[in-house]
Every structure is written in C-alpha cells, then in structure tokens.
Amino acid sequence: MSRWLPVACAALLAIVYPHDILSQERRGVALPRGTVVSPILTIDSDRVFLESDFGQRVIQDIEAKSEQLTAENRRIELALEAEERDITEKRANLPADEFRTLANAFDEKVQQIRRDQAEKGEALNDTLDQEREVFLNAAAPVLGQLMRDAGAVVILERRSVIVSATAVDITDNAIALLNQTLGSGEARD
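Each chain has its residues counted from 1, following the order in which its sequence is written. Two thresholds apply to this predicted model, a pLDDT of at least 70 for residue-level local features and 80 or more for giving and counting side-chain atom pairs, whereas whole-chain, interface and lining totals are computed over all residues. Calculated side-chain values reflect all of the structure's heavy atoms, with hydrogen atoms and water omitted.

A. Local environment of the packing of helix α4 (residues 53–90) against helix α5 (residues 96–149). For the pair α4 and α5, interaxial distance at closest approach is 11 Å and the crossing angle is 180 degrees. Accordingly, the angle class assigned to the pair α4 and α5 is roughly antiparallel. Classifying every residue of the contact of α4 with α5 gives 17 nonpolar, 5 polar and 9 charged. Here an axis means a line fitted to C-alpha atoms, over the contact stretch when the element is a helix, while the angle between two N-to-C directions is reported on a 0 to 180 degree scale. Runs of H or I in DSSP of at least four residues are treated as helices and runs of E of at least two as strands, each being numbered from the N terminus. Each angle gets one of four labels, with under 35 degrees taken as roughly parallel, over 145 as roughly antiparallel, 65 to 115 as roughly perpendicular, and the rest as oblique. Classes in brief: Ala, Val, Leu, Ile, Met, Phe, Trp, Tyr, Cys and Pro nonpolar; Asp, Glu, Lys and Arg charged; the others, Gly included, polar.

This is the structure we're talking about:
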C-alpha cells in the first residue's frame, strides 16, 4: 500500500495544480500569497448576490417597496371592511334585489383590488429577478478575472458540487472584488 502513496499524491497534485501553474512556480514566477490555484472553483451565487453591496441595495429597495405595499394593503383592507359594514347595515332597509346589486358590485370591487395588489407583488418579484440578472451580467467579467487569476477553467455553483475542498470556494473573494468594482450598482458609486 505504501508504494502507491507517492503515485496518489502526484495524481492529486496534478489535479489541484495545473501543469502550467507548476511550471510557472518552477520558473520562479511567484503567485500571490493566498491565491487559490485550481482548475475548478466553486461559488455560492446566492450569497454573492445577497452579501454584495449591489445585492444589499436591491434587497433594501425591494423590502422598502414591499413594506409600502403591505401598508397599502392594510389601508385598503380597513376601507373595504368599513364599506362591507355599511352595505350590511343597509341590508335591512333595502329590497333584496338592490342589496344583491350592491353586494355583487362590492364583491367585484374586492376581486379587482386583489388582482391589482397581486400584480404589484408580482412586479416586485419581477424587479428582483431583473436586478439579479443585471448583477449577474455585470459580475461575469469580474468572476472571469477571478477564474483566470486562479488558473481555473470553470466556476461551479457550490450547491451543485457534492464534495469539494473549501480552498476552491471563491465566494468571499468574489463579494470583495464585486464590491470594489460594482459597488451598489447605482450611478453615484
């Protein structure tokens, strides 16, 4: 068993350190301390978005708009409850067909308001998706540079990888570099 250990170590090094990187080190080209050298890197793209300045700005904006929508929904709900009480009180003094007309009109109004408010919620989700797409497009060149700097040929989504060394995860590096290059994504950065 011990005679195979050097062969296994050599094979592992060949996988972890691409040939051109090893040859650069042999030629005296020093890689920056702490640089991950691997043909395969992993990243947690959700964390990159959520923890980046860009993602934080988007999330704060969506949360603020969501809170406004929740407050608007509450105001509408209170107004509809008052209107429903008013219609219910009129029931005793109205003929059945007039009450039915009022009740049906109120029901249609409620259904339309629900559709309108649901569309506003969906629009917030669409905005989040669009901002995420903008972020990913802007992040692509930065991630490409991280990949090249590490001597990698691919960056895989961490959730898609069953087992990997933590050294090949570049999520923290990506967040730092994206904050430096993209900031919050607003024009004033």
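B. The arrangement of a negative patch on the surface in detail. Together, Asp-116, Glu-119, Glu-122, Asp-126, Asp-129 and Glu-133 make up a region of like negative charge exposed at the surface. With respect to the helices and strands, the residue Asp-126 is situated in helix α5. Accessibility expressed as a relative area gives 42% for Asp-126, which makes it partly exposed. Residues enter a patch when their relative accessible area is above 30% and they make no salt bridge; the linking distance is 9 Å between like charges and 5 Å between nonpolar side chains (Val, Leu, Ile, Met, Phe, Trp, Tyr). For every accessible area listed, the method is Shrake-Rupley and the probe measures 1.4 Å; residues are considered covered only by the protein chains on display. Criterion for a salt bridge: a side-chain nitrogen of Lys or Arg within 4 Å of a carboxyl oxygen of Asp or Glu. In this charge count, Lys and Arg are treated as positive and Asp and Glu as negative; neither His nor the chain ends contribute. Charge coordinates come from a single atom per side chain, which is NZ of Lys, CZ of Arg, CG of Asp or CD of Glu. Burial classes: relative accessible area under 20% of the type maximum marks a residue as buried, over 50% as exposed, and values in between as partly exposed (1.4 Å probe, protein chains only).

C. Empty space enclosed by the protein, seen in detail. Any residue with an atom within 4 Å of a point lines the site, the site being either a cavity, points on a 1 Å grid over the protein atoms alone where a 1.4 Å probe fits but cannot get out, or a pocket, an open set with protein on both sides within 12 Å along at least 5 of 7 lines. Grid points are joined across faces, edges and corners, and a volume is the space filled by probe spheres set on the points. Using the criterion set out here, one finds 1 cavity of 30 Å³ or more in the structure. Computed from the structure, the largest cavity encloses a volume of approximately 30 Å³. What lines the largest cavity is Arg-57, Val-58, Asp-61, Ile-62, Thr-127 and Glu-131. Secondary structure elements with two or more residues in the lining of the largest cavity: α4 and α5.

D. Quick peek at the environment of Gln-145. Following the sequence through the fold, Gln-145 ends up in helix α5. Residue Gln-145 is classed as partly exposed on the basis of its relative accessible area of 33%. Counting of polar contacts relies on pairs of N or O atoms within 3.5 Å, with two restrictions inside protein: one atom must be capable of donating a hydrogen and the other of accepting it, and residues adjacent in sequence are counted only when both atoms are side-chain atoms. Within the local environment of Gln-145, its side chain forms a polar contact with the side chain of Arg-148, the two groups lying 3.2 Å apart.

E. Region of interest: the layout of surface pockets. Taken as a whole, the second largest pocket spans an internal volume of roughly 210 Å³. As for the second largest pocket, its lining consists of Asn-73, Ile-76, Glu-77, Leu-80, Glu-81, Phe-106, Asp-107, Val-110, Ile-113, Arg-114 and Gln-117. Among the secondary structure elements, those contributing two or more residues to the lining of the second largest pocket are α4 and α5. Residue contributions to the lining of the second largest pocket peak at 6 residues, all from α5. For the lining of the second largest pocket, the per-class residue count stands at 5 nonpolar, 2 polar and 4 charged.

F. A look at the environment of Ser-45. Mapped onto the elements of the fold, Ser-45 is located in helix α3 (residues 45–51). Looking at Ser-45, the relative accessible area reads 23%, which means it is partly exposed.

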